[in-house]
Amino acid sequence: EVLIVVGMIGVLSAIAIPSYIGWLPNSKLKSATREMYSTLQKARALAVKTNRDTAVIFDPANNKYDLCDDWVAGACAGSAQTMDIATLGYGVGCGHGNATTPVPGGAFPGDDVSYSAPVNVATFNSRGLGNAGYVYLDHQNNTTTYAVGSLSSGSIRILKWQGGAWE
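Just so it is clear, the structure is predicted and the values come from calculations on it, not from any experiment.

Criteria and cut-off values
- Residues numbered from 1 in each chain as written.
- Predicted model: local features only at pLDDT ≥ 70, side-chain atom pairs only at ≥ 80, totals over all residues.
- Heavy atoms only, no water.
- Helix = DSSP H or I, 4+ residues; strand = E, 2+ residues; numbered from the N terminus.
- Buried < 20%, exposed > 50% of the residue type's maximum accessible area, 1.4 Å probe, protein only.
- Contact = heavy atoms within 4.5 Å.
- Pairing = 2+ DSSP bridges.
- Axes fitted to C-alpha atoms, helices over the stretch in contact; angles between N-to-C directions.
- Phe/Tyr/Trp six-rings, centres within 6.5 Å; stacked < 30°, edge-to-face > 60°.
- Disulfide = S-S within 2.5 Å.
- Patch = residues over 30% accessible without salt bridge, like charges linked within 9 Å, V, L, I, M, F, W, Y side chains within 5 Å.
- Areas by Shrake-Rupley, 256 points an atom, 1.4 Å probe, with all protein chains shown as cover.
- Salt bridge = Lys/Arg side-chain N within 4 Å of Asp/Glu carboxyl O.

K.L.:
What is the right way to read the side chain of Thr 33 from this model?
P.N.:
Structurally, Thr 33 can be placed in helix α1 (residues 2-50). Of the residues examined, Thr 33 reaches a relative accessible area of 2% and is grouped as buried. Setting aside its immediate chain neighbours within four residues, Thr 33 contacts Leu 137, Tyr 146, Val 148 and Ile 158.

K.L.:
Before we go on, may I ask you to explain the sheet that holds strand β1 (residues 54-59) in this structure?
P.N.:
Strand-to-strand pairing in sheets goes through backbone hydrogen bonds, with the strands running parallel or antiparallel. Here 4 strands make up an open sheet; going across it, the order is β5-β2-β1-β7 and the pairing antiparallel. The open sheet is flanked by β5 (80-84) and β7 (121-124), the only strands paired with a single partner. Each strand axis lies, on average, 15° off the axis of its neighbour in the sheet, ignoring direction. Both β1 and β7 contribute to a ladder of 4 bridges, which runs antiparallel. Paired with Ile 57 across the strands is Val 121, a residue of β7.

K.L.:
Would you mind going over the packing of aromatic side chains with me for this structure?
P.N.:
Given two aromatic rings, their pairing is described by the distance between the two centres and the angle made by the two planes. Under the defined criterion, the tally for this structure stands at 5 aromatic pairs. The interplanar angle of 45° and the centroid separation of 5.7 Å between the aromatic rings of Tyr 136 and Trp 166 together place this pair among those described as tilted. Here Tyr 136, found in strand β8 (residues 133-139), pairs with Trp 166, found in the segment after β10 (156-160); they are 30 residues apart in sequence, far enough to count as distant. Each member of the pair, Tyr 136 as well as Trp 166, is classed as buried. Ring pairing ties together the aromatic residues Phe 108, Tyr 136, Trp 161 and Trp 166, which thus form one cluster.

K.L.:
Whenever I open this one, the state of the cysteines confuses me. Can you help?
P.N.:
Counting across every chain of the model gives 1 disulfide. Disulfide partner of Cys 68: Cys 76, at an S-S distance of 2.2 Å. Where Cys 68 bonds to Cys 76 through sulfur, the torsion about that S-S bond is close to 100°, and the disulfide is right-handed. Take Cys 76: its relative accessible area is 31%, and that puts it in the partly exposed class. Left without a disulfide partner, Cys 94 is nearest to the cysteine sulfur of Cys 68, which lies 19 Å away. Residue classification places Cys 94 among the partly exposed residues on the basis of a relative accessible area of 22%.

K.L.:
I would appreciate a short explanation of the sheet that holds strand β9 (residues 145-150) in the present structure.
P.N.:
Taken in spatial order, the 4 strands make up an open sheet running β6-β8-β9-β10, and their pairing is antiparallel. The sheet is open, and its two edges are formed by β6 (92-94) and β10, each paired on a single side. Taken pair by pair, the neighbouring strands of this sheet meet at an average axis angle of 25°, ignoring direction. Across 6 bridges, β8 lies against β9 in antiparallel orientation. Within the sheet, the bridge partner assigned to Tyr 136 lies in β9 and is Ala 147.

K.L.:
Help me understand a nonpolar patch on the surface in this model?
P.N.:
Among the surface-exposed residues, Val 11, Leu 12 and Ile 15 lie close enough to one another that they form a single nonpolar patch of about 310 Å² accessible area. Within the secondary structure, Ile 15 is located in helix α1.

What follows is the structure, encoded as structure tokens:
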């Protein structure tokens, strides 16, 4: 009886482990995407609450971004909370994977962060408005790509590349 149970566990493991290994990278990518989305939401809400400009400063070369609670004249005058993308999900980083066109079109930025003026910084003012741009995230072992970003209206979005379009 013990051999039958051990054999059944072996068969079930042989079926489940490959599925788990395929699921894990996408799960880590989704988690990092949601965390970045939450940070942008927090920056916007903080700007409205404190009546000060806030910013999220992206550093794709080092796989990090900072939430600055007081953005004055293009620099962080307050405290900054640093988030390390790599700790949010091993193998996750800035990149556009298999996506062929950026949001809303044109060409992908070289560092996969499309915020400009100032470069690689998402800003929000006391009315919740901000600059528009996206950060592209992918996983080194997966072909899935997400775009996390904001519109000038302050709306924050997560988009997923679905083979030929962003949804």
